[in-house]
Amino acid sequence: EENFPTNSRAKAEAVLDQCQTYAMQFVLLRPVTAIGWLVSNKLVEPKSFLDWSSPQLYITIVTNASIFFAFRGLVKFYHATRTDLEWCNPWPKFLCIKGVVFMTFWQKMTIAIIVNVAYADDFDT
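Note that the structure is predicted; figures quoted are calculated from it, not measured.

Points about helix 3 (residues 90-118)
Alright, step 1. Taking 1.5 Å per residue, 29 residues should reach 42 Å; helix 3 reaches 42 Å between its end C-alpha atoms and fits that length.
Alright, step 2. Every buried residue belonging to helix 3 is among Pro90, Phe94 and Asn116, and all of these are buried.

In structure tokens:
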């Protein structure tokens, strides 16, 4: 027998706790990865764009996993509360928050690709 909550209030609390955990892991982890990125950029220069021996690649992987779980928590929260919040039409607000974070991610990726394409010869020296 599994240990899932049986009443609706316990289920709701479990879902909201999970959403909160997903959001808070990002809030707490993002400053740590930003500081790690800053320190690793000062100590280690990557040899190529995807240098498997550089800490920057692994920091990026951890950051992206954290963003994924934060988005997952946001979507789960929306689905859990959409009927209760119908009066204020939360869908456009949800899309706005998701869009800002999503576009910020792709802006960073685009800038990194442009820099690495424009300065590809500098990595070869």
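Next comes the rest of the write-up.
Concerning the packing of aromatic side chains
Alright, step 1. Enumeration according to the criterion identifies 5 aromatic pairs in this entry.
Alright, step 2. With centroids separated by 5.2 Å and ring planes inclined at 70°, the aromatic side chains of Phe68 and Phe69 adopt a geometry described as edge-to-face.
Alright, step 3. Note on Phe69: relative accessible area 32%, which makes it partly exposed.
Alright, step 4. An aromatic cluster of at least three residues, connected via ring pairs, comprises Tyr22, Phe68 and Phe69.

Concerning the pattern of salt bridges
Alright, step 1. Counted according to the given criterion, the structure contains 1 salt bridge.
Alright, step 2. Between Arg9 and Glu13 there is a salt bridge; the shortest N-O distance is 3.3 Å. With Arg9 and Glu13 both in helix 1 (residues 8-43), this residue pair falls 4 residues apart, about one helical turn.
Alright, step 3. Among the residues examined, Arg9 registers a relative accessible area of 60% and is labelled exposed.
Alright, step 4. Relative accessible area serves as the criterion here: at 39%, Glu13 is assigned to the partly exposed category.

Cut-off values and rules
Residues numbered from 1 in each chain as written. Predicted model: local features only at pLDDT ≥ 70, side-chain atom pairs only at ≥ 80, totals over all residues. Heavy atoms only, no water. Helix = DSSP H or I, 4+ residues; strand = E, 2+ residues; numbered from the N terminus. Expected span 1.5 Å × (residues − 1). Buried < 20%, exposed > 50% of the residue type's maximum accessible area, 1.4 Å probe, protein only. Phe/Tyr/Trp six-rings, centres within 6.5 Å; stacked < 30°, edge-to-face > 60°. Salt bridge = Lys/Arg side-chain N within 4 Å of Asp/Glu carboxyl O.

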